[in-house]
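Structural features, examined
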Amino acid sequence: MCEDRKDKIEQLTQRFRELLEEKFPGKGSTLAQIEELTEEIGQAIEAEIEDSAIGEQGDGKECRGAFCACGRKARYVRNYIKEVVTLHGLRRISRAYYSCRVCSRGFAPLDKQLGLDGGGTTLPVRAKIARIAALAPFERCACELRELCGLDVSAKTVERVAEAVGKAIGEEAAARDAEIISGSVPEPACSPERLYVTVDGVMASVDKGWRECKVGAVYETRAAADGRAEAVHIEHTATFGDAEAIGDKLYALAFRRGVVRAKQTVVLGDGARWIWNQARDNFPGAVEIVDFFHAAEHLAEVANSWHGFGTRKAEGWLRRAKQDLLEGRHARVMRSIVAWRPADAEAKKLKATSLGYFRRNGDRMRYDRFLAEGLHIGSGVAESSCKVLVQARLKQSGMHWSARGAEAMLQLRARWLDEPTVNFAAYAAMPRQLPQN
Ligand SMILES: [Zn+2]
């Protein structure tokens, strides 16, 4: 062991001893006091170990000069301090900075050795930031990180890290999806009995306007206690892109879940035409079902417009119409709506669009048959996916996003949701910037 290292360990051990002598809890302490002092001693010694070990690395100044990536000898400029927040606090690291006369590239050899990039935080810190940023608004994240982890980072840093991580996750997924779509990925061995694919849209405030976020989910079902099918193993995918973009993402997700060998594929959606166009392209031969949740929403609109919002009559009509749909009396629901004599233009329009909707989707609303076959008729998997993925994180009051930020946050949130133990550090590299002081 070299003398310097030996000395450092000796110094740290001495410091640890001092800390213990000064703070070790005395007899008669409460558990809370013991816990607090243990934490204090631990934190103090962690910071000193880290400082000492960083100091051990030197400043990266090369006595025979540093070489640029272009192969030429670079000129030493001066030492720059880089501030980095680690799990143990803020570290100020002095690094020798070189500049290449030939290609005018600047670099600090120590950055490469320490694995420093353009960010002011370490990868383990960013992993924590990304995890909490998937959950809460950026300002709130900064507060939680301080309270829960003792990490002092700004809301802006949280935002920057979250965006970088979400972007990296999205890029990785896009590359993987492209491979699947190109047909170069072997079929997975799994062959589910029934694979469900569902998709829905939800608006969010992006670039000073409203943009539709399309949210898809793939799942299987198991028999619940009441005998009905219940959704399990739900995985999500989402994008602010167009119908084709979500179609590709859903196909890739379903492919990984064994759609090629699935005995039956079921596509659930609301009445929007793009959904069924995408379904036919990507899942030919699939059973198409209008998510019962959406069909019921449409019925509720009619009930409220016809009989007055929330009135007993409206409730009664809605209950009967839902029952009719569930029991295969689609024609009776149609007749009932036909018989409605709306008073104003708005109601007339609703009548026309509702009739169109129920007529166009009649075959997708044979709920009696679907239920008899043990099929899941939706009941809001798509809706709750929108809520948990988009509403809960991107649509809180006063939230506005850039297109880039919204898409990145969506990818971060989806990954966090589907893979709770994901290590975000793997996605947390940040681009290099110019030297800092
Ligand atoms: Zn160079």
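Residues numbered from 1 in each chain as written. Predicted model: local features only at pLDDT ≥ 70, side-chain atom pairs only at ≥ 80, totals over all residues. Heavy atoms only, no water.

**Digging into the overall build of the protein**
The helix and strand tally for the protein stands at 15 helices and eight strands. Over its C-alpha atoms the protein spans a radius of gyration of 30 Å, topping by over 25% the 22 Å that the globule rule assigns to 437 residues. By principal-axis analysis of the C-alpha atoms, the protein measures approximately 95 × 70 × 50 Å. Buried positions account for 43% of the 437 residues belonging to the protein. Across the protein, contacts joining residues at least 24 apart in sequence account for 64% of those joining residues at least 6 apart. Surface summary for the protein: the accessible area is close to 23600 Å², and the carbon and sulfur share equals 51%. (Helix = DSSP H or I, 4+ residues; strand = E, 2+ residues; numbered from the N terminus. Rg over C-alpha atoms; globule rule 2.2 N^0.38 Å. Buried < 20%, exposed > 50% of the residue type's maximum accessible area, 1.4 Å probe, protein only. Contact = heavy atoms within 4.5 Å. Areas by Shrake-Rupley, 256 points an atom, 1.4 Å probe, with all protein chains shown as cover.)

**Remarks on the sheet that holds strand β5 (residues 209–223)**
Taken in spatial order, the five strands make up an open sheet running β6-β5-β4-β7-β8, and their pairing is mixed. Looking at which strands have only one partner, the edges of the open sheet turn out to be β6 (229–239) and β8 (287–290). Each strand of the sheet is rotated relative to its neighbour by a mean of 25°, with strand direction disregarded. With four bridges connecting them, strand β7 (residues 264–269) and β8 associate as parallel partners. (Pairing = 2+ DSSP bridges. Axes fitted to C-alpha atoms, helices over the stretch in contact; angles between N-to-C directions.)

**So, the packing of helix α6 (residues 155–181) against helix α7 (residues 243–256)**
α7 packs onto α6 with a crossing angle of 75° between their chain directions and a minimal axis gap of 9 Å. With respect to α7, the element α6 is oriented roughly perpendicular. Of the residues in α7, those in contact with R176, D177, I180 and I181 of α6 are D248, K249, Y251, A252, F255 and R256. Broken down by class, the residue content of the contact of α6 with α7 amounts to five nonpolar, no polar and five charged. (Parallel < 35°, antiparallel > 145°, perpendicular 65-115°, else oblique. Nonpolar A, V, L, I, M, F, W, Y, C, P; charged D, E, K, R; others polar.)

**Topic: the coordination of the zinc ion**
The zinc ion binds to the protein through C68 (SG), C70 (SG), C100 (SG) and C103 (SG); the donor distances cover 2.2 to 2.4 Å. Around the zinc ion, the four donor atoms are arranged such that angles at the metal cover 99 to 124°; this shape is classified as tetrahedral. Binding-site remark: the zinc ion is held by donors from one chain whose sequence spacing is C-x1-C-x29-C-x2-C. Here C68, found in the loop between α2 (31–56) and β1 (75–86), pairs with C100, found in the loop between β2 (89–99) and β3 (106–107); they are 32 residues apart in sequence, far enough to count as distant. Each member of the pair, C68 as well as C100, carries the same accessibility label: buried. (Donors = N, O, S within 2.8 Å, 3.2 Å for Na, K, Ca; no water. Tetrahedral: all angles 85-135°; square planar, octahedral: opposite > 155°, others 65-115°.)

**Points about the side chain of K351**
Structurally, K351 can be placed in helix α12 (residues 345–360). We note that K351 is buried and unpaired, the nearest opposite charge coming from D344 at a distance of 12 Å. Once residues lying within four places of it in the same chain are set aside, the contact partners of K351 are I337, V338, W340, R341 and P342. (Lys, Arg positive; Asp, Glu negative; His and termini not counted. Salt bridge = Lys/Arg side-chain N within 4 Å of Asp/Glu carboxyl O.)

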